[in-house]
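Residues per chain are reported as follows:
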Amino acid sequence: MPFTIAIDGPAAAGKGTISKAVAAHYGFAHLDTGLLYRAVGARMLDGVEPIEAAQTLTSKDLEAPDLRSHEVAQAASKVAAIPEVREALVDFQRAFAQRQGGAVLDGRDIGTVICPEAEAKLYVTASAEVRAGRRYKELQGKGSELSFDAVLAEVKERDARDSERASAPMKPAADAVLIDTSELSIEDAVAAAIHAVDAKR
Ligand code: C5P
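As recorded in an unreviewed UniProt entry, the protein chain goes by Cytidylate kinase and comes from Thalassovita aquimarina. UniProt, in the comment section headed Sequence similarities (unreviewed entry), describes the protein chain in these words: "Belongs to the cytidylate kinase family. Type 1 subfamily." Here the protein chain is described in UniProt, under the heading Subcellular location (unreviewed entry), as follows: "Cytoplasm".

Structure, rendered in C-alpha coordinates:
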(Lines give C-alpha, C1' and ligand atoms only; values in the text may rest on other atoms or scores of the structure.)
Protein backbone atom coordinates (compact mmCIF):
# COMPACT_ATOMS: atom_id res chain seq x y z
CA MET A 1 0.00 0.00 0.00
CA PRO A 2 1.34 3.46 -0.80
CA PHE A 3 1.72 5.62 2.30
CA THR A 4 3.19 9.05 1.71
CA ILE A 5 4.95 11.17 4.29
CA ALA A 6 5.45 14.80 3.17
CA ILE A 7 8.14 16.74 5.01
CA ASP A 8 8.55 20.41 4.14
CA GLY A 9 10.46 23.32 5.59
CA PRO A 10 13.30 25.80 5.04
CA ALA A 11 17.01 25.05 4.57
CA ALA A 12 18.98 23.63 7.51
CA ALA A 13 15.92 23.09 9.72
CA GLY A 14 16.78 19.40 10.04
CA LYS A 15 14.42 18.19 7.32
CA GLY A 16 16.99 15.98 5.62
CA THR A 17 18.16 14.27 8.81
CA ILE A 18 14.59 13.75 10.01
CA SER A 19 13.44 12.47 6.61
CA LYS A 20 16.23 9.89 6.41
CA ALA A 21 15.57 8.70 9.96
CA VAL A 22 11.79 8.50 9.42
CA ALA A 23 12.26 6.58 6.14
CA ALA A 24 14.63 4.14 7.85
CA HIS A 25 12.23 3.70 10.77
CA TYR A 26 9.31 2.68 8.54
CA GLY A 27 11.39 1.00 5.82
CA PHE A 28 10.14 3.55 3.27
CA ALA A 29 11.95 4.94 0.23
CA HIS A 30 13.18 8.53 0.57
CA LEU A 31 13.37 11.30 -2.03
CA ASP A 32 15.19 14.55 -1.26
CA THR A 33 13.36 16.72 -3.80
CA GLY A 34 15.78 19.62 -3.24
CA LEU A 35 18.30 17.53 -5.14
CA LEU A 36 16.17 17.80 -8.29
CA TYR A 37 16.21 21.61 -8.13
CA ARG A 38 19.91 21.58 -7.25
CA ALA A 39 20.63 19.41 -10.29
CA VAL A 40 18.72 21.87 -12.52
CA GLY A 41 20.56 24.78 -10.85
CA ALA A 42 23.92 23.09 -11.45
CA ARG A 43 23.10 22.56 -15.12
CA MET A 44 22.09 26.22 -15.41
CA LEU A 45 25.49 27.20 -13.98
CA ASP A 46 26.97 25.00 -16.73
CA GLY A 47 25.14 27.09 -19.32
CA VAL A 48 22.04 24.96 -19.94
CA GLU A 49 18.74 26.83 -20.16
CA PRO A 50 16.83 25.94 -16.91
CA ILE A 51 13.53 24.75 -18.46
CA GLU A 52 15.44 22.60 -20.93
CA ALA A 53 17.60 21.32 -18.04
CA ALA A 54 14.51 20.33 -16.01
CA GLN A 55 12.79 18.65 -18.96
CA THR A 56 15.84 16.54 -19.80
CA LEU A 57 17.06 15.79 -16.26
CA THR A 58 18.46 12.26 -15.81
CA SER A 59 19.52 10.28 -12.75
CA LYS A 60 23.13 10.97 -13.74
CA ASP A 61 22.56 14.71 -13.13
CA LEU A 62 21.58 13.86 -9.54
CA GLU A 63 25.05 12.39 -8.98
CA ALA A 64 26.99 15.56 -9.90
CA PRO A 65 29.70 16.10 -7.22
CA ASP A 66 29.04 19.72 -6.27
CA LEU A 67 25.26 19.69 -5.71
CA ARG A 68 25.66 20.58 -2.01
CA SER A 69 27.60 23.81 -2.64
CA HIS A 70 26.33 27.28 -1.77
CA GLU A 71 26.41 28.44 -5.36
CA VAL A 72 24.27 25.52 -6.44
CA ALA A 73 21.80 26.12 -3.56
CA GLN A 74 21.29 29.71 -4.65
CA ALA A 75 20.98 28.68 -8.32
CA ALA A 76 18.47 25.99 -7.27
CA SER A 77 16.24 28.51 -5.53
CA LYS A 78 16.34 30.73 -8.64
CA VAL A 79 15.34 27.98 -11.08
CA ALA A 80 12.75 26.74 -8.56
CA ALA A 81 10.79 29.98 -9.06
CA ILE A 82 10.22 29.16 -12.77
CA PRO A 83 6.79 27.47 -13.15
CA GLU A 84 7.87 25.36 -16.17
CA VAL A 85 10.83 24.00 -14.19
CA ARG A 86 8.51 22.96 -11.35
CA GLU A 87 6.01 21.41 -13.78
CA ALA A 88 8.71 19.32 -15.44
CA LEU A 89 9.54 17.72 -12.07
CA VAL A 90 6.00 16.96 -10.86
CA ASP A 91 5.39 13.54 -12.46
CA PHE A 92 8.63 12.05 -11.21
CA GLN A 93 7.89 13.16 -7.64
CA ARG A 94 4.27 11.93 -7.70
CA ALA A 95 5.30 8.55 -9.12
CA PHE A 96 7.88 8.23 -6.35
CA ALA A 97 5.21 9.04 -3.74
CA GLN A 98 3.01 6.21 -5.02
CA ARG A 99 5.55 3.44 -4.40
CA GLN A 100 3.96 0.38 -2.91
CA GLY A 101 6.33 0.18 0.03
CA GLY A 102 5.69 3.74 1.25
CA ALA A 103 7.64 6.92 0.62
CA VAL A 104 9.03 9.96 2.38
CA LEU A 105 9.47 13.07 0.23
CA ASP A 106 11.11 16.16 1.63
CA GLY A 107 11.08 19.63 0.07
CA ARG A 108 9.18 22.90 0.15
CA ASP A 109 5.82 22.13 -1.53
CA ILE A 110 5.28 18.41 -0.98
CA GLY A 111 2.32 18.71 1.41
CA THR A 112 0.78 21.64 -0.49
CA VAL A 113 1.28 20.91 -4.22
CA ILE A 114 3.03 17.61 -5.00
CA CYS A 115 1.17 15.34 -2.57
CA PRO A 116 -1.78 17.24 -1.08
CA GLU A 117 -3.30 13.83 -0.25
CA ALA A 118 -0.25 12.61 1.70
CA GLU A 119 -1.25 10.52 4.70
CA ALA A 120 1.16 12.36 7.01
CA LYS A 121 2.53 15.90 6.66
CA LEU A 122 5.21 17.57 8.71
CA TYR A 123 6.60 21.08 8.52
CA VAL A 124 10.06 21.20 10.06
CA THR A 125 11.39 24.62 10.92
CA ALA A 126 13.82 26.52 13.19
CA SER A 127 14.81 30.15 13.62
CA ALA A 128 16.96 31.66 10.86
CA GLU A 129 19.77 32.22 13.41
CA VAL A 130 19.80 28.58 14.53
CA ARG A 131 19.71 27.34 10.95
CA ALA A 132 22.51 29.69 9.89
CA GLY A 133 24.53 28.54 12.93
CA ARG A 134 24.22 24.90 11.81
CA ARG A 135 25.21 25.76 8.23
CA TYR A 136 28.11 27.89 9.48
CA LYS A 137 29.49 25.03 11.58
CA GLU A 138 29.13 22.60 8.71
CA LEU A 139 30.92 24.99 6.32
CA GLN A 140 33.72 25.65 8.80
CA GLY A 141 34.23 21.90 9.03
CA LYS A 142 34.79 21.95 5.27
CA GLY A 143 37.36 24.74 5.58
CA SER A 144 35.10 27.57 4.38
CA GLU A 145 35.94 31.11 5.49
CA LEU A 146 32.43 32.56 5.11
CA SER A 147 31.42 34.60 8.17
CA PHE A 148 28.35 33.74 10.26
CA ASP A 149 26.71 36.98 9.06
CA ALA A 150 27.26 36.05 5.43
CA VAL A 151 25.72 32.61 6.00
CA LEU A 152 22.77 34.17 7.85
CA ALA A 153 22.21 36.62 5.00
CA GLU A 154 22.19 33.75 2.48
CA VAL A 155 19.76 31.71 4.59
CA LYS A 156 17.41 34.70 4.81
CA GLU A 157 17.75 35.49 1.12
CA ARG A 158 16.89 31.91 0.13
CA ASP A 159 13.95 31.80 2.63
CA ALA A 160 12.56 35.00 1.12
CA ARG A 161 12.91 33.76 -2.45
CA ASP A 162 11.33 30.39 -1.60
CA SER A 163 8.41 31.77 0.39
CA GLU A 164 7.61 34.81 -1.75
CA ARG A 165 7.59 33.15 -5.19
CA ALA A 166 4.23 32.92 -6.96
CA SER A 167 4.62 29.28 -8.00
CA ALA A 168 4.31 26.72 -5.16
CA PRO A 169 5.77 28.95 -2.42
CA MET A 170 7.25 27.36 0.68
CA LYS A 171 4.56 27.21 3.38
CA PRO A 172 3.09 24.67 5.79
CA ALA A 173 0.07 22.74 4.54
CA ALA A 174 -3.03 23.53 6.61
CA ASP A 175 -2.95 19.97 8.00
CA ALA A 176 0.81 19.72 8.62
CA VAL A 177 2.21 19.04 12.08
CA LEU A 178 4.78 21.74 12.91
CA ILE A 179 8.10 20.70 14.44
CA ASP A 180 10.39 23.53 15.54
CA THR A 181 13.87 22.08 15.95
CA SER A 182 15.49 25.29 17.28
CA GLU A 183 15.84 23.78 20.74
CA LEU A 184 15.56 20.07 20.00
CA SER A 185 18.33 17.48 19.78
CA ILE A 186 18.35 15.37 16.61
CA GLU A 187 17.00 12.41 18.62
CA ASP A 188 14.12 14.45 20.04
CA ALA A 189 13.26 15.93 16.65
CA VAL A 190 13.19 12.46 15.05
CA ALA A 191 11.08 11.12 17.94
CA ALA A 192 8.61 13.99 17.50
CA ALA A 193 8.36 13.26 13.77
CA ILE A 194 7.76 9.52 14.30
CA HIS A 195 5.18 10.30 16.96
CA ALA A 196 3.31 12.58 14.53
CA VAL A 197 3.40 9.98 11.74
CA ASP A 198 2.31 7.14 14.07
CA ALA A 199 -0.79 9.18 14.89
CA LYS A 200 -1.80 8.90 11.18
CA ARG A 201 -1.13 5.17 10.74
O1 C5P B 1 16.29 21.49 0.24
P2 C5P B 1 17.40 22.13 -0.55
O3 C5P B 1 18.14 23.17 0.21
O4 C5P B 1 18.31 21.11 -1.16
O5 C5P B 1 16.66 22.85 -1.77
C6 C5P B 1 17.35 23.69 -2.67
C7 C5P B 1 16.34 24.67 -3.28
O8 C5P B 1 15.44 23.95 -4.12
C9 C5P B 1 15.43 25.39 -2.28
O10 C5P B 1 16.00 26.60 -1.81
C11 C5P B 1 14.16 25.65 -3.08
O12 C5P B 1 14.25 26.84 -3.81
C13 C5P B 1 14.13 24.52 -4.06
N14 C5P B 1 13.13 23.50 -3.73
C15 C5P B 1 11.82 23.73 -4.08
N16 C5P B 1 10.87 22.78 -3.87
C17 C5P B 1 11.20 21.60 -3.30
C18 C5P B 1 12.54 21.35 -2.90
C19 C5P B 1 13.49 22.33 -3.12
O20 C5P B 1 11.49 24.80 -4.57
N21 C5P B 1 10.26 20.68 -3.13
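A separate point is the UniProt feature "domain: Cytidylate kinase" (unreviewed entry) in the protein chain. The UniProt record marks residues 5–197 with the feature "domain: Cytidylate kinase" (unreviewed entry), using the residue numbering of this structure. Overall, residues 5–197 shows 53% helix and 12% strand. The separation of its end C-alpha atoms is 8 Å.

Let us look at the confidence of the model for the protein chain. Averaged over every residue, the pLDDT of the protein chain is 97; residues scoring 70 or more account for 100%. On the interface metric, ipTM, the complex scores 0.99, and its pTM is 0.97.

Here, the residues flagged by UniProt with the feature "binding site: ATP" (unreviewed entry) are G9, P10, A11, A12, A13, G14, K15, G16 and T17. Looking at the secondary structure, you find A12 in the loop between β1 (4–8) and α1 (15–26). What A12 contacts, discounting residues up to four positions off in sequence, is R131, R134, R135 and V155. Tracing the backbone shows G16 in helix α1. Each residue touching G16, except ones within four places of it in the same chain, is listed here: D32 and D106.

If you check the shell around the ligand, you find 15 residues, and the closest are G34, Y37, S77, A80 and G107. Mapped by element, the contributors of at least two residues to the shell around the ligand are α2 (34–45), α4 (70–79) and α8 (148–164). Here the residues of the shell around the ligand sort into six nonpolar, four polar and five charged.

The next subject is the packing of α4 against α8. Taken N-terminus to C-terminus, the directions of α4 and α8 make an angle of 20°; their axes are 10 Å apart at the nearest point. On the basis of their axis angle, the class for α4 and α8 is roughly parallel. In this structure, the crossing between α4 and α8 has a hand that is left-handed. In this structure, α4 uses H70, A73, Q74 and S77 to contact α8, whose residues at the interface are E154, R158, R161 and D162. Taken together, the residues of the contact of α4 with α8 sort by class into one nonpolar, three polar and four charged.

This next bit is on the packing of α1 against helix α9 (residues 186–198). Between α1 and α9, the least distance of the axes is 10 Å, while the angle of their chain directions is 55°. The orientation of α1 with respect to α9, classified from their angle, is oblique. Where α1 crosses over α9, the two elements pack in a sense that is right-handed. Every residue of α9 that contacts α1 at T17, I18, A21, V22 and H25 is listed here: I186, A189, V190, A193, I194 and V197.

In this model α9 runs 18 Å from its N-terminal to its C-terminal C-alpha over 13 residues, within 8% of the 18 Å that 1.5 Å per residue would give. For α9, the full list of buried residues reads A189, V190, A193 and V197. The arc that holds every buried residue of α9, seen down its axis, measures 95°, which confines them to one face. Pointing more than 90 degrees away from the buried face of α9 are the exposed residues E187, D188, H195 and D198. For α9, the secondary structure elements touched by its buried residues are β1, α1, β4 (120–125) and β5 (177–180).

Quick look at the environment of A76 now. On the secondary structure map, A76 appears in helix α4. Owing to 24 C-beta atoms within 10 Å, A76 belongs among the buried residues under this scheme. Each C-alpha atom of the pair A76 and P50 lies 9.8 Å from the other, and the pair is 26 residues apart in sequence. If near-sequence neighbours (up to four positions away) are discounted, A76 is found in contact with G34, Y37, R38, V40 and G41.

Criteria and cut-off values
Residues numbered from 1 in each chain as written. Predicted model: local features only at pLDDT ≥ 70, side-chain atom pairs only at ≥ 80, totals over all residues. UniProt positions renumbered as here; feature names shortened; annotations may be inferred. Helix = DSSP H or I, 4+ residues; strand = E, 2+ residues; numbered from the N terminus. pLDDT = per-residue confidence, 0-100. Contact = placed C-beta atoms within 7 Å. Near = placed C-beta within 6 Å. Nonpolar A, V, L, I, M, F, W, Y, C, P; charged D, E, K, R; others polar. Axes fitted to C-alpha atoms, helices over the stretch in contact; angles between N-to-C directions. Parallel < 35°, antiparallel > 145°, perpendicular 65-115°, else oblique. Left-handed = near helix turned anticlockwise from the far one by under 90°. Expected span 1.5 Å × (residues − 1). Buried ≥ 20, exposed ≤ 12 C-beta atoms within 10 Å, placed from the backbone. Arc of directions from axis to C-beta.

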